Number of protein chains: 2
Amino acid sequence: MNTKTIATFYHAGCPVCISAEQTLLSMIDPNNYQINVVHLGEQSAEVATAKAAGIQSVPALVIDGQVLHINFGAAITDLA
Amino acid sequence: MNTKTIATFYHAGCPVCISAEQTLLSMIDPNNYQINVVHLGEQSAEVATAKAAGIQSVPALVIDGQVLHINFGAAITDLA
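Visitor: Before we move on, could you go through helix α1 (residues 15–27) of chain B and cite the residues and values that matter?
Guide: With 13 residues, α1(B) extends 19 Å between its outermost C-alpha atoms, agreeing within 8% with the 18 Å of an ideal straight helix rising 1.5 Å per residue. Taken together, the buried positions of α1(B) are occupied by B:Cys17, B:Ala20, B:Glu21, B:Thr23, B:Leu24, B:Leu25 and B:Met27.

Structure follows, in structure tokens:
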């Protein structure tokens, strides 16, 4: 049985992204969240999914459908 | 002995802030982080501290000296 909330971190490999990833993902409670990391620069097929989720820039964290844009690394329109 | 990392969430009571606060703070591992919340609209004396920490807009989360600006609610220059 999996009752963890899914948290997906989208990034594009930029320095801002990596820095945010390390800080954010280290602070998330692993007992309650399942963390997925998607590199949109390498997984371009995921860009459409990210856009559909409401992501406008990366890095961004999607938790339970809510989008949190973190700082500003790159506009998603630059990625695909 | 307190070995927890301090995470300070700065906000100004705006809807974007409250939404981010609820999501972010619920996902932080309470075993490793001590969470402080500062409402800059009500605690204007803290604005100088926030600016010194590098905060440019709220909501923002400062963890171990690193500033993460979340989405965009209000520019800190509008708060004091």
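So, next bit.
Visitor: Please provide a residue-by-residue account of the interface of chain B and chain A, values included.
Guide: If you look at the interface, chain B gives 18 residues, while chain A gives 18 residues. Around 1,600 Å² of area is buried between chain B and chain A when both sides are counted, 55% of it from carbon and sulfur atoms. The interface formed by chain B and chain A includes zero salt bridges. At the junction of chain B and chain A, the tally comes to nine residue pairs in polar contact (both at pLDDT 80 or more). Tallied by class, the residues present in the side of chain B that touches chain A amount to 11 nonpolar, six polar and one charged.

Visitor: An account of the state of the cysteines is needed here, citing residue identities and associated values.
Guide: All names here are of chain A. Evaluated as defined, the whole model comprises two disulfides over all chains. Put simply, cysteine 14 and cysteine 17 are joined by a disulfide, and their sulfur atoms are 2.3 Å apart. Residues cysteine 14 and cysteine 17 are joined through a disulfide that is right-handed, its torsion about the S-S bond being 60 degrees. Residue class for cysteine 14 comes out buried when judged on its relative accessible area of 17%.

Visitor: Can you explain the relation of the copies chain B and chain A? Please cite residues and give values.
Guide: At an RMSD of 0.0 Å, chain B and chain A line up after a rotation of 180 degrees and a shift of 0.0 Å along the axis. The operation mapping one copy onto its partner corresponds to a two-fold rotation axis. Most of the interface of chain B is mirrored in chain A, where 100% of its interface residues are also at the interface.

What counts and what doesn't
- Residues numbered from 1 in each chain as written.
- Chains lettered and ligands numbered in written order.
- Predicted model: local features only at pLDDT ≥ 70, side-chain atom pairs only at ≥ 80, totals over all residues.
- Heavy atoms only, no water.
- Helix = DSSP H or I, 4+ residues; strand = E, 2+ residues; numbered from the N terminus.
- Expected span 1.5 Å × (residues − 1).
- Buried < 20%, exposed > 50% of the residue type's maximum accessible area, 1.4 Å probe, protein only.
- Contact = heavy atoms within 4.5 Å.
- Buried area = accessible area lost by both parts, 1.4 Å probe.
- Salt bridge = Lys/Arg side-chain N within 4 Å of Asp/Glu carboxyl O.
- Polar contact = N/O pair within 3.5 Å; in protein donor to acceptor, adjacent residues only side chain to side chain.
- Nonpolar A, V, L, I, M, F, W, Y, C, P; charged D, E, K, R; others polar.
- Disulfide = S-S within 2.5 Å.
- Least-squares fit on C-alpha atoms with pLDDT ≥ 70 in both.

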